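Residue-level listing of the chains:
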Amino acid sequence: MSSSTTVRTARRRTLRMAALALTAAAGLTLTACSGSDAAGTKPAGKSDTAAAVESGGAGSSAGAQGSGAPASPGAKADAKADAKAGTESGAAGKQSGGAHATDGGKAASPVRTQPLADGVSKAEIYKVGGQHYRAKIVARGSALATLEAKEQDAGLDANDMFVVLTSDGQVRSWMGGGHQGPGTFKIAGGWTVKVTKVGELHYRAQFLSPSGDADDTVEANQHDIGFVANGVNVVLSAGGVISAHS
């Protein structure tokens, strides 16, 4: 082989090796880029997406449980118990209200109605309880006054008509015969009564013995009083008027 041939051969080998080297280098570069994408970009992208999905899913799940998701069996039982209790309570309230309305709607009827001394008024007498009566004074459809006797008699001065209601439900009435105190007066039953003013709408009546001593004392303080003693009906008003009738 000539020297020129050897040189050309060597030159071809050098060029071929250089080409191979370039190819190998390019291959390494591509592999490195591909490995970088696999190890960096794709996992990072996948990780971000998965985190977003998991976060959104967890939030949606929690939101569903807090709003429209079915409750646990225990919560359902509690809710049913509460609803039942509320329903029963409401029903009991309605029944109680109805009973109350029925009782309240019943108007008490008087045991009797009795004409009074003025010829216009009448007394509607109601029994409230043992030794407890109420008398409503009514004239021309209007209630004028109410007397209540509970374990003791009661009385009223109604424009010079005097009314006594006893604790056993008896009503006595008469017209006139009143004496305006203060002063000492002779009244029905043979009594002498001394009327004194104690204060505003407050009068005292002392029943005097023949010797002038006070045998008994009664007071009308802010309201009229009445009683029956030895068959004599007496009324002392808070304005100091006293009247008696046998």
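Everything numeric here is computed off the predicted structure, so don't read it as measured data.

Across its full length, the chain holds two helices and 15 strands. Within the chain, counting contacts between residues at least 6 apart in sequence, those at least 24 apart form 31% of the total. Accessible surface for the chain amounts to roughly 15,600 Å². Of this, 55% is attributable to carbon and sulfur atoms.

Quick look at the side chain of Asp 224 now. Mapping Asp 224 onto the fold places it in the loop between strand 12 (214-221) and strand 13 (225-229). One buried charge, Asp 224, has no salt-bridge partner; the nearest side chain with opposite charge is Lys 197, at 14 Å. Within polar-contact distance, the side chain of Asp 224 engages the backbone nitrogen of Asp 157 at 3.0 Å. A distance of 2.9 Å separates a polar atom in the side chain of Asp 224 from the backbone nitrogen of Ala 238.

Counted according to the given criterion, the structure contains three aromatic pairs. Note on Phe 162 and Trp 174: the rings are 5.9 Å apart at their centroids and 20° apart in plane angle, and the pair reads as stacked. Remark: Trp 174 occurs in strand 7 (residues 171-175) and Phe 162 occurs in strand 6 (residues 161-165); sequence separation between them is twelve residues. The same class applies to Phe 162 and to Trp 174, which are both buried. Centroid distance Trp 191 to Phe 207: 5.5 Å. Interplanar angle 85°. Geometry classified as edge-to-face. Here Trp 191, found in strand 10 (residues 191-199), pairs with Phe 207, found in strand 11 (residues 202-208); they are 16 residues apart in sequence, far enough to count as distant. Of the residues examined, Phe 207 reaches a relative accessible area of 8% and is grouped as buried. Of the aromatic side chains, those joined through ring pairs into one cluster are Trp 191, Phe 207 and Phe 227.

Here four strands make up an open sheet; going across it, the order is 9-10-11-12 and the pairing antiparallel. Sheet topology places strand 9 (183-187) and strand 12 at the edges, where each strand pairs with a single neighbour. Across the sheet, the axes of successive neighbouring strands diverge by a mean angle of 25°, strand direction being ignored. Note: strand 10 against strand 11, seven bridges, orientation antiparallel.

Okay, the confidence of the model for the chain next. Across the chain, the average pLDDT comes to 72, with 57% of residues at or above 70. pLDDT under 50 marks residues 1-11. Its contacts with residues more than four places away, or in other chains, come to one contact. Across residues 13-106 the pLDDT falls below 50, and counting only partners more than four positions away or on other chains, this stretch makes six contacts in the model.

Okay, the sheet that holds strand 8 (residues 179-180) next. Whether parallel or antiparallel, the strands of a sheet pair through hydrogen bonds between backbone atoms. Here we have four strands laid out as an open sheet, ordered 8-15-14-13, and antiparallel in their pairing. Either end of the sheet is taken by a strand with one partner, and the two such strands are strand 8 and strand 13.

Quick look at the nonpolar core now. Ranked by internal contacts, the top residues of the largest apolar core, which has 17 residues, are Val 193, Phe 207, Val 234 and Ile 242. Among the secondary structure elements, those contributing two or more residues to this core are strand 9, strand 10, strand 11, strand 12, strand 13, strand 14 (232-236) and strand 15 (241-245). Ignoring anything within four residues of it in the chain, the contact list for Phe 207 reads Ile 187, Trp 191, Thr 192, Val 193, Asp 213, Ala 214, Asp 215, Asp 216, Val 218, Phe 227 and Val 234. Counting residues in each nonpolar core, the second largest holds 14 residues, with Ala 123, Ala 154, Leu 156 and Val 171 among its members.

Another aspect to go through is the pairing of strand 13. Here strand 13 pairs with strand 14 via five bridges, running antiparallel. Within the sheet, the bridge partner assigned to Phe 227 lies in strand 14 and is Val 234. In this antiparallel pair of consecutive strands, strand 13 and strand 14, the connection spans two residues, and Asn 230 shows a positive phi of 55°.

Volume-wise, the largest pocket comes out at about 270 Å³. Lining the largest pocket are 14 residues, and of these Asp 153, Ala 154, His 223, Asp 224 and Ile 225 sit closest to its centre. Breaking the lining of the largest pocket down by element, the ones donating at least two residues are strand 4 (142-150), strand 5 (154-158) and strand 13. Among the elements that line the lining of the largest pocket, the one with the most residues is strand 4, at four residues.

Basis of the calculations
Residues numbered from 1 in each chain as written. Predicted model: local features only at pLDDT ≥ 70, side-chain atom pairs only at ≥ 80, totals over all residues. Heavy atoms only, no water. Helix = DSSP H or I, 4+ residues; strand = E, 2+ residues; numbered from the N terminus. Contact = heavy atoms within 4.5 Å. Areas by Shrake-Rupley, 256 points an atom, 1.4 Å probe, with all protein chains shown as cover. Buried < 20%, exposed > 50% of the residue type's maximum accessible area, 1.4 Å probe, protein only. Lys, Arg positive; Asp, Glu negative; His and termini not counted. Salt bridge = Lys/Arg side-chain N within 4 Å of Asp/Glu carboxyl O. Polar contact = N/O pair within 3.5 Å; in protein donor to acceptor, adjacent residues only side chain to side chain. Phe/Tyr/Trp six-rings, centres within 6.5 Å; stacked < 30°, edge-to-face > 60°. Pairing = 2+ DSSP bridges. Axes fitted to C-alpha atoms, helices over the stretch in contact; angles between N-to-C directions. pLDDT = per-residue confidence, 0-100. Core = buried A, V, L, I, M, F, W, Y, C linked by side-chain atoms within 4.5 Å. 1 Å grid on protein atoms, 1.4 Å probe; cavity = no way out; pocket = protein on both sides within 12 Å on 5 of 7 lines; lining within 4 Å. Points joined across faces, edges and corners; volume = space filled by probe spheres on them.

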